[in-house]
Structures are given as C-alpha cells and as structure tokens.
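Each chain, letter by letter, is given below.
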Amino acid sequence: MRLADKLNFRKTYAEHIRRVKNEYRQDTAMEVAIGGEFKAFGILMRELLIQVGLKKDDYVIDVGCGSGRLAKPLSEYLSGKYLGIDVVPDLVTYASNLVKRPDWRFEVTKGFSIPEKSNRANMVCFFSVFTHLLHEESYRYLEEAKRVLKPSGKIVFSFLEFSIPCHWNVFEANLKNMGKPGHLNMFMSRDGINAWAEHLDLNIETIEDGDKPHIPLSSPVTLDNNKVMQDKGNLGQSICVLSLK
C-alpha cells in the first residue's frame, strides 16, 4: 500500500471495517474494528472525562465516536446533550442503535469540521483520533473544538509518543507492516503540543503518561485478557487536557 493511501483515513478505515465484518459476527466486528477493549476502555474514557470535570448535565462532543465505545457507558451517566461523529457510516449507525438515546445525535462527517454552532459544548474529546491523522489535520480539529466550546469548556485527546516505552511497540508494528494495508499511526511530541496550545491560545491543564494509572475508578475494570485494573486505570495512550484561556 502506498503512503498516500495510508494517509486517506476515511478509505483505510472503511476497508478495515469491511475486512472485520467478513471475519466476525456484527457485534464482535464492531468491537474489534475500533481496536478491542470495548467495554473496559469505554468505562475508562467515561471516568477520565468525569475526572477532568464532566458534569451530568453537560454537553459532550465525541469526535471519532466509532461504534459507541464511549457513548454506551457515558449514556449511563450523562443526562445532557451528546454529539458523536465519525467518518464511517457503519460505525455511526451501530453506535446509535447500541445507545438508544433519541435525544443524542450521531452523524457521519467529512473533512475536519464539527457540525455544531460556536460556544455550545462543555467538552470535546478525541480518543484514538489524532493517532491516525497528520499533524495538520489534528490541528484543524483542535481549531474546530475551540470554536464549539463554551468559555469554560475543555478538550481531551489521546496520543502516542516515543518517550513512552510501550508505544514503541506501535512503531515496530509500523515497520513490519510497511507497504501493507492498514492505518497511519502518528506519534506526537509534547513540545509540539505546547506549540499548538500557544498558537491556539489554549491552556494545557495536564498531560498524563499512557503507561501510568491515573484515572480514578469507583469499581474494578476487567480487560479482555482478564487483567483487572483497581483504584486507578489508564488507556495505554497518553492523555492531554486543554482548556480555553
């Protein structure tokens, strides 16, 4: 596969969905399609948003909502508004049917815009989104996130970085799969995040190492390999929280 093809995230992800749907039953395919750990990571994502200030009646925009990994457990907490967007129609349809919240919006999008008016949301999250985009594309999304946020709003995103030992495994996989079908896996640096925050006039509230437990848990969370996270958990990818100045 040419690098130019890997850079077309919409195309590579649609092809990925087709492959997993041919290999698994629908429910399993929709979980595998977004990388597994559907139940556990969904809970961890929800608890992370609550940790950084999400209130029950807030409005959340979930960019790259996939098949509803975050939306499903979030629906058990959030009474406020929710907008989930993704580039793959099959994932959006599945997420909407899974959550069954007629008051919530799920939409298929193109480009790097967020279909919402300015100054509306309390929180915008990007889980495993910037990991598959060019830096310029991620920056455009951050511009959009800033636009749709209320003055007290926050942006939460996950990312890969070379300084985290376990992230090196992703880079080694990139090396092995050069020329093969698959996604682009993009790494970010903290000095780059600092530069983005400065140019976007955003505050960096916190950056958490992906390999260190930092998300408070009210009850144990069991991973697909039966490993149990207690007291605190982590998503594997590093986490950055931004806020408006």
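Residues numbered from 1 in each chain as written. Predicted model: local features only at pLDDT ≥ 70, side-chain atom pairs only at ≥ 80, totals over all residues. Heavy atoms only, no water.

Focus: the overall build of the protein chain
Helix and strand counts for the protein chain stand at nine helices and 11 strands. Considered along the principal axes of its C-alpha atoms, the protein chain spans approximately 45 × 40 × 35 Å. Within the protein chain, the proportion of its 245 residues that are buried is 51%. For the protein chain, the accessible surface area stands at approximately 12000 Å², while carbon and sulfur atoms represent 50% of it. In the protein chain, 33 positive and 31 negative side-chain charges are present, and the distance between their average locations comes to 4 Å. (Helix = DSSP H or I, 4+ residues; strand = E, 2+ residues; numbered from the N terminus. Buried < 20%, exposed > 50% of the residue type's maximum accessible area, 1.4 Å probe, protein only. Areas by Shrake-Rupley, 256 points an atom, 1.4 Å probe, with all protein chains shown as cover. Lys, Arg positive; Asp, Glu negative; His and termini not counted. Charge placed at Lys NZ, Arg CZ, Asp CG, Glu CD.)

A short note on the nonpolar core
Counting residues in each nonpolar core, the largest one holds 33 residues, and the members touching the most others are Leu74, Tyr82, Phe106, Phe127, Val156 and Leu235. Those elements giving two or more residues to this core turn out to be α4 (38-51), α5 (71-74), α6 (89-99), β4 (121-126) and β11 (238-244). With six residues, α4 is the single largest residue contributor to this core. Sequence-distant contacts of leucine 74, that is, excluding residues within four places in its chain, are made with Arg46, Leu54, Val60, Tyr82 and Trp104. Core analysis: the next-biggest nonpolar cluster, separate from the first, contains 30 residues, Tyr141, Ile155, Trp196 and Ala197 among them. (Core = buried A, V, L, I, M, F, W, Y, C linked by side-chain atoms within 4.5 Å. Contact = heavy atoms within 4.5 Å.)

Some thoughts on the pattern of salt bridges
Side-chain pairing between opposite charges can occur once the charged atoms of the two side chains come close. Counted under the stated rule, the structure contains 12 salt bridges. Between glutamate 107 and arginine 105 there is a salt bridge, with the nearest N and O atoms lying 2.7 Å from each other. For arginine 105, a relative accessible area of 29% corresponds to the partly exposed category. The salt bridge partner of glutamate 143 is arginine 140, with a shortest N-O separation of 2.9 Å. In this pair, glutamate 143 and arginine 140 both sit in helix α7 (residues 135-148), three residues apart, roughly one turn of the helix. A relative accessible area of 30% means that glutamate 143 is categorised as partly exposed. (Salt bridge = Lys/Arg side-chain N within 4 Å of Asp/Glu carboxyl O.)

Some words on the environment of asparagine 174
Structurally, the position occupied by asparagine 174 is in helix α8 (residues 168-176). Taking the C-alpha atoms as reference points, asparagine 174 and aspartate 90, 84 residues apart in sequence, are found 26 Å from one another. When residues no more than four places from it in sequence are discounted, the contact partners of asparagine 174 are Asn185 and Phe187.

Some remarks on the confidence of the model for the protein chain
Looking at the protein chain, the pLDDT average stands at 92 and 95% of residues meet or exceed 70. For the stretch residues 1-7, pLDDT sits under 50, and the model shows 18 contacts to residues farther than four places along the chain or on other chains. (pLDDT = per-residue confidence, 0-100.)

Re the pairing of strand β5 (residues 149-159)
In terms of residue burial, β5 counts as a mostly covered element, since eight of its 11 residues are buried. As paired strands, β4 and β5 are joined by five bridges and run parallel to one another. Paired with methionine 123 across the bridge in β5 is lysine 154. One crossover worth recording links β4 to the parallel β5 by way of α7, and it is right-handed. (Pairing = 2+ DSSP bridges. Right-handed = clockwise from strand over helix to strand, strands pointing away.)

Comments concerning the packing of aromatic side chains
Evaluated as defined, the whole model comprises 13 aromatic pairs. Ring centres 5.9 Å apart and planes at 55° place the aromatic pair phenylalanine 157 and phenylalanine 159 in the tilted group. Phenylalanine 159 shares its class with phenylalanine 157; the two are buried. Linked through ring pairs, Phe112, Phe126, Phe130, Tyr141, Phe157 and Phe159 together constitute an aromatic cluster. Here the basic side chain of lysine 81 rests over the ring of tyrosine 59, its NZ or CZ set 4.5 Å away from the ring centre. (Phe/Tyr/Trp six-rings, centres within 6.5 Å; stacked < 30°, edge-to-face > 60°. Lys NZ or Arg CZ within 6 Å of the ring centre and 35° of its normal.)

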